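Here's the letter readout for the chains.
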Amino acid sequence: MSTEQAQALKDLADAEELIASATAVLSGGPLSPGHAACFAQLADKLARRQSRTQLHAAHALRRTGAHKLDQESFQAVTEAGEHPSLTAFQAAAGRTTTARTHFKNTAGLLHGWLDIPRSTVRDRLALVDCLLGGVDEAGQPLPAWLPELAGQFADPDVDPRLVSSAALKLHSARKDFGEGQAGQAKKDQLQAESAAFIRSEPKAARRHINALVAQVKSGQRPLQALLDGIGIFKKGMRQGLVEYVLRVLPAHAAMIEAYFNALDNPATVAGNREALAHAEAQFTGAQDSGWDDEESMPDWAKDGEPAGSAPEGSAEPEEPEEPEEPDKPDEPGEPEEPDEPEEPEEPEEPAGPAATQFEELRPERRRLVGFLALLMTDRNQSGSPGKQPGLAVPQVSIILDYEKMRRDGKEFAVTSTGIQLSPGETRAALCTAGIYPLVLNGQSLPLDLGRTQRLYSKAQGRAIRAAYRGCLYPGCSMPAERCELDHLDAWEKGGNTDIESAALGCMIHHIGRHCGLFHAVKIPGCRPMALLSKELDPQQKLRVNTYWMTPQEALAADALAERMTAKWRAGELDIEIVEP
C-alpha cells in the first residue's frame, strides 16, 4: 500500500472527526440565522460528496475482492478504525485468501460488517453498475451501464443524488427495454432524455423521469420482465395486520378469480357457508355454531365473541336479527274476504347463525378464509387424505411461555416465525391439525423431549427449530426450516445428541463455525449464543440472533446476552466456547 493511499485514509478519518466536532458545536448552543444557513449549506455539500464517496467505496470493495480478506487483515482494519494513524493504515493493506471467509460477496460484507440494510446494499451496488462499472466473473472491469449519466455523476456541478435517483429508475426498467438493438436504442433514448431533464430542469427532473419510466412499463412488457415481477411479497406488520402483496400473471389471475367465484357461489361445495364459517372460527378463534348446546361449550367458547362478529368500525351486525312475523299481504284491486281470511305465510326457517353471518362477511374476508382453508387441505391426486406431489404441507409451531400464560394470559404465544398470536387465536390453533404446541422454560430451552443416539429425531428437530427460530449467527435471516442441526458436542469426540447441546446453522454459517470464523458458546441452563471474532466484534460480547423474534422477545434475548456477558467477564459463569 502506497504512503499516498494511507495518507488519504488518514485524511478521511480526520475529516470524520472534524465533522463530528463541528456538528457538536453548531447544534449544541445558540446560533445566529446566518450561521444556521451556512451550517445547512455546508451539510448539504457534504451529503453530496458523501453520496459519491459511498459508491466509489462500494466499487473499490468489489473490484478488489475485499470480502475475501483473511482474519488477520480484518483485525488490522478494525484496529486502524479504532486508532487511526498513518502507521495503522499502512499496516491495514491486508491480503485475500482462497479459504473460507466471513462473507460470501461484497453485498454480504456491506450488510454483515457495516450493518447496512439489504435494500440499501442492493441499490448501492446497482448504482455502481450503472454509474461506475461492474466486474465480470474473471475480475475484469466492465463499463458503466449508463455512460451518459455516469458522466453527469462525475461532474462536481451536478447533484449526484439526482443522478443516482434517475439511474435507479432506469435500472428498474431494464427488463422492459427488450433485447437486441431495439432494446439498446430504447435504453439510450431514455437515458438521453433523463440526462437532459437533469441539466435543464433539476427541480422537476425526478417527476419527469418517473413519468418516462412509467410509460415504458405501461407498454407491452416482455415476458422476462413479467416473470421477474411476480410473486408474494411480505410488506410487514401494519396496524396489527401482516400485509402481503400478490403479483401474478393474467393466467394465474384467472385461476384465482375462478376460485373466488366458486367461494362466492353457495351452490358449489367450495361455497358451503357452514363449512367456511367453521373455518373462519378456526382461524380467528371466534365462537363457532358447532356446539350442541351451551352446556357442552367449554368456558373459553362461552366467553368468546361469536364467529363472524363485525370488526370495529364496520357496518356488520353483531348478532343476527330474529325474523319478523310477516304481515298479511293484501292483493291489489280485490276486496278482502272476511269469511275466508288469507292464510299467513309461514316464516322461513332462519339460516344458522354461522351461515347467516358468514354470508354477510365482506367478500375480501370470505375469500381469505377460503384461501387459508385451501392451504390447510391435505389431499393427494385421488382426493383422499395425503400429500399431493409438488405441494408443501404447512406446519406451524407455536411457542407458549408458561410463566406469562399463568401470570397475565397475554402475549404468551408466538409462532416459530416470530408472529405474535392473541389468546383467542392460540386457543383455536391448538385444536387445528398441523399445529405443534411447545412449552419452553424462561431460558428458551425445550423441555421433556428426550434424546436420540446419532441423529436428532423429528420431534427434537421440530423443538429446536421452534425454540431458536433461525440460524445461530447474529443478524442472519435464514429461517429455521432451511437451517441444519448442529452438534455442539461433536459425535466423533464422544458427544451426545442432546437438545441442550444443539444449535441451528444455515449452510454458510454452519460451515463457517467449523472453519473457526466464529464460535458457539454453551451456557449452563441457557440457550447457546455466538461469540464473533475480534476483528468483527472488538467488545467480544455474547450474542443472540433475534432476527425471527418479536420485539419483546428480542429485547429480552439481548438483555439475557448482556447479563451472561457480564457474569462471564466477572468470572461468575462457567461457559464453554465450542471448538470448531
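The rules we used
- Residues numbered from 1 in each chain as written.
- Predicted model: local features only at pLDDT ≥ 70, side-chain atom pairs only at ≥ 80, totals over all residues.
- Heavy atoms only, no water.
- Helix = DSSP H or I, 4+ residues; strand = E, 2+ residues; numbered from the N terminus.
- Buried < 20%, exposed > 50% of the residue type's maximum accessible area, 1.4 Å probe, protein only.
- Contact = heavy atoms within 4.5 Å.
- Areas by Shrake-Rupley, 256 points an atom, 1.4 Å probe, with all protein chains shown as cover.
- Polar contact = N/O pair within 3.5 Å; in protein donor to acceptor, adjacent residues only side chain to side chain.
- Arc of directions from axis to C-beta.
- Patch = residues over 30% accessible without salt bridge, like charges linked within 9 Å, V, L, I, M, F, W, Y side chains within 5 Å.
- Salt bridge = Lys/Arg side-chain N within 4 Å of Asp/Glu carboxyl O.
- Pairing = 2+ DSSP bridges.
- Phe/Tyr/Trp six-rings, centres within 6.5 Å; stacked < 30°, edge-to-face > 60°.
- Lys NZ or Arg CZ within 6 Å of the ring centre and 35° of its normal.
- pLDDT = per-residue confidence, 0-100.

1. Describing the overall build of the protein
Piece 1. Helix and strand counts for the protein stand at 21 helices and 11 strands.
Piece 2. When each of the 580 residues of the protein is scored for burial, the buried share is 33%.
Piece 3. Considering only contacts within the protein whose residues lie at least 6 apart along the sequence, 58% involve residues at least 24 apart.
Piece 4. Accessible surface, the protein: about 35600 Å² in total, of which carbon and sulfur atoms supply 53%.

2. Structural notes on the side chain of D489
Piece 1. With respect to the helices, strands and loops of the structure, D489 is situated in the loop between strand 7 (484-487) and strand 8 (502-505).
Piece 2. Within the structure, the side chain of D489 is placed 2.9 Å from the side chain of S501, a separation counted as a polar contact.
Piece 3. Of the polar contacts made by the side chain of D489, one reaches the side chain of K522; its length is 2.9 Å.
Piece 4. In contact with D489, other than residues within four places in its own chain, are G495, N496, S501, K522 and E576.

3. A few points about helix 7 (residues 147-154)
The α-helix winds at 3.6 residues per turn, so residues separated by three or four positions along the chain end up facing the same way.
Piece 1. Of the residues making up helix 7, those classed as buried are L149, A150, Q152 and F153. What you see down the axis of helix 7 is that its buried residues fit within an arc of 160°, all on one side. Exposed positions of helix 7 whose direction lies more than 90 degrees from the buried face are P147 and A154.
Piece 2. Structurally, helix 7 contributes buried residues whose contacts are with helix 2 (33-64), helix 6 (118-131), helix 8 (160-172) and helix 9 (180-200).

4. Concerning a nonpolar patch on the surface
Piece 1. A cluster of nonpolar side chains, contributed by I232, M237, V242, Y244, L246 and V248, occupies part of the molecular surface with about 580 Å² of accessible area.
Piece 2. Within the residue set of the nonpolar patch, elements represented by two or more residues are strand 1 (231-238) and strand 2 (241-247).
Piece 3. The element contributing the most residues to the nonpolar patch is strand 2, with three residues.
Piece 4. Its place among the elements puts V248 in the loop between strand 2 and helix 12 (250-264).

5. A closer look at the environment of R174
Piece 1. Along the polypeptide, R174 turns up in the loop between helix 8 and helix 9.
Piece 2. On the accessibility criterion, R174 (37% relative accessible area) is partly exposed.
Piece 3. With 13 residues separating them along the chain, R174 and K187 place their C-alpha atoms 7.9 Å apart.

6. Re the pattern of salt bridges
Piece 1. Scanning all chains against the criterion turns up 17 salt bridges.
Piece 2. In this structure, the salt-bridge partner of R62 is D129, at a minimum N-O distance of 2.4 Å. Of this pair, R62 sits in helix 2 while D129 is found in helix 6, placing the two residues 67 residues apart along the sequence.
Piece 3. Linking D159 and R161 is a salt bridge whose minimum nitrogen-to-oxygen distance equals 3.1 Å.
Piece 4. In this structure, a network of salt bridges that share partners links the residues D44, R48, D159 and R161.

7. Side note on the environment of L560
Piece 1. Relative to the helices and strands, L560 resides in helix 21 (residues 551-569).
Piece 2. Residues L560 and L542, 18 residues apart in the sequence, show an inter-C-alpha distance of 9.4 Å.

8. Topic: the sheet that holds strand 9 (residues 518-522)
Backbone hydrogen bonds hold the strands of a sheet together, and the pairing may be parallel or antiparallel.
Piece 1. Within the open sheet, the three strands sit side by side as 10-9-11. Their pairing is antiparallel. Two strands close off the open sheet at either side, each with one partner strand: strand 10 (529-532) and strand 11 (576-577).
Piece 2. With four bridges joining them, strand 9 and strand 10 adopt antiparallel strand pairing. When the sheet's bridge partners are listed, V521 is paired in strand 10 with M529.

9. Here we look at the packing of aromatic side chains
Piece 1. Summed over the entire model, instances satisfying the criterion amount to five aromatic pairs.
Piece 2. Geometrically, the ring pair formed by F74 and W113 is edge-to-face, given 5.4 Å between the ring centres and 70° between the ring planes. Of this pair, F74 sits in helix 3 (residues 71-82) while W113 sits in helix 5 (residues 106-114), placing them 39 residues apart in sequence.
Piece 3. Through a chain of ring-to-ring contacts, the aromatic side chains of F74, F103 and W113 assemble into a single cluster.
Piece 4. Here R52 stacks its cationic end above the ring of F153, 5.9 Å away from the centre of that ring.
Piece 5. Looking at R247, its charged tip hangs above the ring of F233, at a distance of 4.9 Å from the centre.

10. Digging into unusual backbone geometry
Piece 1. Residue R469 is not a glycine yet carries a positive backbone phi of 70°.
Piece 2. Mapping R469 onto the fold places it in the loop between helix 19 (458-468) and strand 7.
Piece 3. Judged by relative accessible area, which is 6%, R469 ranks as buried.
Piece 4. Non-glycine residue Q540 carries a positive phi angle of around 55°.

11. Observations concerning the confidence of the model for the protein
Piece 1. Averaged over all residues, the pLDDT of the protein is 78; the fraction at 70 or higher stands at 74%.
Piece 2. Taken together, the stretch residues 380-385 has pLDDT below 50 and engages in nine contacts with residues farther than four places along the chain or on a different chain.

12. Overview of the pairing of strand 10
Sheet faces and side chains relate simply in a regular strand, where the side chains alternate between the two faces.
Piece 1. Burial of the side chains of strand 10 extends over both faces: M529 and L531 are buried on one face and A530 and L532 on the other.
Piece 2. In sequence, strand 9 turns back onto strand 10 through a hairpin of six residues, with G525 there showing a positive phi of about 70°.

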